[in-house]
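A structural walkthrough
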Amino acid sequence: MIESPVIVALDYAEVAPALELVRHLDPNACRVKVGKELFTAAGPALIEELHDRGFQVFLDLKFHDIPNTVAAALRSAAGLGVWMVNVHASGGRRMLDASMRALDGVAHRPLLIGVTILTSMDAEDFAELAYRDSLEEQVQRLALMSQDCGLDGVVCSAREAPRLRELCGEGFSLVTPGIRPAGAASDDQRRVVTPADAMRDGASYLVIGRPITQADNPAAALAAINASLGIGASS
Ligand code: C5P
């Protein structure tokens, strides 16, 4: 049982630097996230290597396609033994239902997380899509639909977490990126929240990349974040 909510984003183009980074991390003190860039370059062999090193893996491929295709992709992902996978909730109810059915009965079912509205979109980007609701309402609508279809949670900004926690209740996972320890550079994230504030606001898991991956001492950076959450070194 990993007490830390931290998921370290392995945002690398190649295997070597990703494995060099995880060499410094304790699989009991965090989980790791492999996204489109690294998975496209490195494939299932990397996932196997991370598992061999004891890490639980969030495979962040954000599937969005016709229900049959997404279901098949999820079965492949589950076959890799990953801990968490995700799909775009805007793929619609039939796609979400098919996603859940695809994972039904698999030996170690990964947590299935919905992506609502990409937090990279601002009000102007969103207006161009001409949805009926406001951006906030659309996020809430997609989170509720994800929950209704049986998904385990959604990705959201920490800013959205309090409202979604209230709406979806306990037990629904809120996975939040855009996290920066107090005093850290915000990089290209425009709205950042500290780990402790995000947890206080209802986050379940914190996706953190550069504050750990670019740190002079990644293990120490992770330990400091965990300590700020009251989590000890190897708990
Ligand atoms: O380095 P940083 O902590 O900003 O990395 C955050 C990670 O979370 C990256 O992998 C990024 O793609 C991902 N992410 C994000 N904002 C979202 C969704 C995912 O930053 N809305």
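Remember, predicted model here, so these are calculated numbers, not experimental data.

This part covers the packing of aromatic side chains. Taken as a whole, this structure holds two aromatic pairs when the rule is applied. Ring geometry for Trp83 versus Tyr205: centroids 5.1 Å apart, planes at 80°, classification edge-to-face. Note that Trp83 is positioned in the loop between α4 (67–79) and β4 (84–88) and Tyr205 in strand β8 (residues 205–208), a separation of 122 residues in sequence. Their ring planes at 15° and their centres at 5.3 Å tell us that Phe126 and Tyr131 sit as a pair that is stacked. Between the NZ or CZ atom of Arg31 and the centre of the ring of Trp83, over which it lies, the distance is 4.4 Å.

To continue, consider the packing of helix α7 (residues 135–148) against helix α8 (residues 161–168). Running from amino to carboxyl end, α7 crosses α8 at an angle of 40°, the nearest separation of the two axes being 11 Å. Viewed along their axes, α7 and α8 adopt a mutual orientation that is oblique. At the point where α7 passes α8, the crossing takes the right-handed sense. Counted together, Val139, Gln140, Ala143, Leu144 and Gln147 of α7 and Arg163, Leu164, Leu167 and Cys168 of α8 form the full contact between these two elements. For the contact of α7 with α8, the per-class residue count stands at six nonpolar, two polar and one charged.

Attention now moves to the site of the ligand. Every residue near the ligand is listed here: Ala9, Asp11, Lys33, Thr119, Pro177, Arg180, Gln189, Val207, Ile208, Gly209, Arg210 and Pro211. At 2.8 Å, a side-chain N or O of Arg180 approaches an oxygen atom of the ligand. Here the ligand loses 80% of its free accessible area of 470 Å² to cover by the protein chains. Mapped by element, the contributors of at least two residues to the shell around the ligand are β8 and α10 (210–213).

The next point concerns a negative patch on the surface. Taken together, the side chains of Asp122, Glu124, Asp125 and Glu128 present a region of like negative charge at the surface. Within the secondary structure, Glu124 is located in helix α6 (residues 123–128). Judged by relative accessible area, Glu124 falls into the exposed class, the value being 66%.

Tallying each qualifying case throughout the model produces 14 salt bridges. The salt bridge partner of Glu20 is Arg23, with a shortest N-O separation of 3.0 Å. Taken together, the residues span about one helical turn, with Glu20 and Arg23 both in helix α1 (residues 15–23) at a distance of three residues. Residue class for Glu20 comes out partly exposed when judged on its relative accessible area of 38%. The exposure class assigned to Arg23 is exposed, which follows from its relative accessible area of 55%. Across the pair Glu166 and Arg163 runs a salt bridge whose closest N-O atoms are separated by 2.5 Å. Taken together, the residues span about one helical turn, with Glu166 and Arg163 both in helix α8 at a distance of three residues. Residue Glu166 is classed as exposed on the basis of its relative accessible area, which comes to 61%.

Rules and cut-offs
- Residues numbered from 1 in each chain as written.
- Predicted model: local features only at pLDDT ≥ 70, side-chain atom pairs only at ≥ 80, totals over all residues.
- Heavy atoms only, no water.
- Phe/Tyr/Trp six-rings, centres within 6.5 Å; stacked < 30°, edge-to-face > 60°.
- Helix = DSSP H or I, 4+ residues; strand = E, 2+ residues; numbered from the N terminus.
- Lys NZ or Arg CZ within 6 Å of the ring centre and 35° of its normal.
- Axes fitted to C-alpha atoms, helices over the stretch in contact; angles between N-to-C directions.
- Parallel < 35°, antiparallel > 145°, perpendicular 65-115°, else oblique.
- Left-handed = near helix turned anticlockwise from the far one by under 90°.
- Contact = heavy atoms within 4.5 Å.
- Nonpolar A, V, L, I, M, F, W, Y, C, P; charged D, E, K, R; others polar.
- Near = heavy atom within 4 Å.
- Polar contact = N/O pair within 3.5 Å; in protein donor to acceptor, adjacent residues only side chain to side chain.
- Areas by Shrake-Rupley, 256 points an atom, 1.4 Å probe, with all protein chains shown as cover.
- Patch = residues over 30% accessible without salt bridge, like charges linked within 9 Å, V, L, I, M, F, W, Y side chains within 5 Å.
- Salt bridge = Lys/Arg side-chain N within 4 Å of Asp/Glu carboxyl O.
- Lys, Arg positive; Asp, Glu negative; His and termini not counted.
- Charge placed at Lys NZ, Arg CZ, Asp CG, Glu CD.
- Buried < 20%, exposed > 50% of the residue type's maximum accessible area, 1.4 Å probe, protein only.

These results come straight from atomic positions and should not be treated as a statement about function.
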